[in-house]
Structure formats: C-alpha cells, structure tokens
Amino acid sequence: MRPTLLNSCAWAATAAEAKFRINAAPQTPRASRVVALDAGAAAVVRELADQPWRGTRFLSYDASRGDSHRAPDGDLADIVLDASDGPVRLSEELIDADFMMMIATAGDGATAATAIGNACALRGIMTAGVILGHDHDADAAVTALRPHARVLLVTNDKNDVAEIMSAVGA
C-alpha cells in the first residue's frame, strides 16, 4: 500500500514520533490559487476544479497568446491568467491569497512561473510547484519552476496534486 500525505505515518522515524502526526486537514481553509502553466497541466487543473475545495481558485496561463498576457498597463510582472469567470490579473488574484500552487508538464510556462514566483515572494505567499511527468519536458519544467517554488515535487501521479492541496488546507 502506497503511503499518502494525509493518512500515513510512514514519514515518522519511530512509533513515538508517529503519535504526533496530524491526520486531519487544517480547520481554517487557505485562500489558495492553483495555476496551470501549460496545456497538459490545464487538463489536470480542470479535473481538480470539479472537486469540492474550500477557498481555492483555479487559473491557467496560455503561453501561446504571447503579449496578450501582458497586463493592460504593460507590466510583465502582472500577467493575465484565465479563470472560469474570465481573464484576471495576477495582482488581483494575490490580494487575499496565502498559497499558490503552480502545475506544469512542460517548460512552456517559464514566463508565468517567474512572474508568479516573484509576485508571491514579494507578498510572502507560500508557493509550491508540481511537475507531472519524468521525461525531457519535465526537465524543462523543473528548470522553469525551481527558482520560483519553495516546494517542488516531480511525479507521474496527478493524484499527488490533490493530496498536497488537502494537506495544506485548500
């Protein structure tokens, strides 16, 4: 049986340490944002958005639009992201956010990862990056996300994304 983030004591070195493991989601939900940085990640984010989450907004970045993702005032650091209710500016999404997860399957979203990572660092928002896949495209995604995510996970299992979100209280 594979250990999960929420219900396993596999990370504890001893039984004595295991008794201090918290196996419940945090009581106060985070104001989370989950951003798909490429088309492959967007499919995963759409699946996640169909599940019940507390205080989480799901967004995506489309690198193929180029300059259309520059904010109206031309600020590259304030990119435009797609949400279910239309385009939004990164700066608006971060006003009340306290957790940002970036998901990638390729290196296409390097520009967005830089903008998001820098904006979150300036605001003290916790960041995480999840890279789905272990092939050459995953290498490009690692290069794009590594400087901008405080926590980085490379996995083949898209269910790990939901596990992380649950663990942080999303």
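Rules and cut-offs
- Residues numbered from 1 in each chain as written.
- Predicted model: local features only at pLDDT ≥ 70, side-chain atom pairs only at ≥ 80, totals over all residues.
- Heavy atoms only, no water.
- Helix = DSSP H or I, 4+ residues; strand = E, 2+ residues; numbered from the N terminus.
- Buried < 20%, exposed > 50% of the residue type's maximum accessible area, 1.4 Å probe, protein only.
- Contact = heavy atoms within 4.5 Å.
- Areas by Shrake-Rupley, 256 points an atom, 1.4 Å probe, with all protein chains shown as cover.
- Pairing = 2+ DSSP bridges.
- Axes fitted to C-alpha atoms, helices over the stretch in contact; angles between N-to-C directions.
- Expected span 1.5 Å × (residues − 1).
- Core = buried A, V, L, I, M, F, W, Y, C linked by side-chain atoms within 4.5 Å.
- Right-handed = clockwise from strand over helix to strand, strands pointing away.
- Arc of directions from axis to C-beta.
- Polar contact = N/O pair within 3.5 Å; in protein donor to acceptor, adjacent residues only side chain to side chain.

**Q** When you look at the overall build of the chain in this model, what are you seeing that I'm missing?
**A** Scanning the chain for helices and strands turns up six helices and seven strands. Reading the chain from its N terminus to its C terminus gives the helix and strand order α-β-α-β-β-β-α-β-α-β-α-β-α. Counting across all 170 residues of the chain, residues that qualify as buried make up 43%. In the chain, the share of contacts with a sequence separation of at least 24, taken over all contacts with a separation of at least 6, comes to 65%. When the accessible surface of the chain is totalled, it reaches about 8900 Å², and 54% of it is carbon and sulfur.

**Q** Help me understand the sheet that holds strand β6 (residues 126–132) in this model?
**A** In any sheet, the strands associate via hydrogen bonds between backbone groups, in a parallel or an antiparallel arrangement. With respect to topology, seven strands assemble into an open sheet ordered β4-β3-β2-β1-β5-β6-β7, the strand pairing being mixed. Each end of this open sheet is capped by a strand with a single partner; those strands are β4 (86–89) and β7 (151–155). Between one strand axis and the next, the sheet turns by 30 degrees as a mean value, whatever way the strands run. Sheet topology note: the strand β1 (residues 32–36)/strand β2 (residues 56–60) ladder contains five bridges and is parallel. Counterpart to Val35 in the pairing with β2 is Leu59. Taken strand by strand, helix α6 (residues 159–168) contacts β1, β2, β5 (99–104), β6 and β7, and its axis lies near 175 degrees from that of β5.

**Q** Sorry if this is basic, but what is going on with helix α4 (residues 110–123) here?
**A** Along an α-helix, residues three or four positions apart point the same way, because every turn accommodates 3.6 residues. A rise of 1.5 Å per residue sets the reference length of α4, with its 14 residues, at 20 Å; its end C-alpha atoms lie 20 Å apart and thus fit the reference within 8%. Along α4, the residues that are buried comprise Ala112, Ala113, Ala115, Ile116, Gly117, Ala119 and Cys120. Phi turns positive, to about 70 degrees, at Gly124, one or two residues after α4.

**Q** Would you explain the nonpolar core in this entry?
**A** Generally speaking, soluble globular proteins have nonpolar side chains that are buried together. Judged by nonpolar contacts, the single largest core of 26 residues is most densely connected at Leu37, Leu90, Met100 and Ile116. Listed by contribution, the elements that provide at least two residues to this core are β3 (80–83), β5, α4 and α5 (136–145). Broken down by element, this core gets its largest block of residues, six residues, from α4. Those residues within four positions of Met100 in sequence are excluded, and the remaining contacts are Arg33, Val35, Leu90, Leu94, Ile116, Cys120, Ile125, Met126, Thr127 and Ala128.

**Q** What's the story with the pairing of β6 in this structure? I'm lost.
**A** A regular strand places its side chains so that they alternate between the two faces of the sheet. The buried count for β6 comes to six of seven residues, which makes it a mostly enclosed element. When β5 meets β6, the two strands line up parallel, connected through six bridges. Residue pairing for β6: Met101 is matched across the bridge by Ala128. In this view, the connection linking β5 to its parallel neighbour β6 by way of α4 has right-handed handedness. Bridge count between β6 and β7: five bridges; the pairing is parallel. What sits directly across from Leu132, in β7, is Thr155.

**Q** Mind showing me how you'd approach helix α2 (residues 39–49) here?
**A** Listing the buried residues of α2 in full gives Ala41, Ala42, Val44, Val45 and Leu48. Taken down its axis, α2 places every buried residue within 165 degrees of arc, on the same side. Opposite the packed face of α2, turned more than 90 degrees from it, sit the exposed residues Ala39 and Arg46. Next to the buried residues of α2 lie β1, β2, β5, β6 and α6. For α2, the capping residue at the N-terminal end is Asp38, with a side-chain oxygen 3.1 Å from the backbone nitrogen of Gly40.

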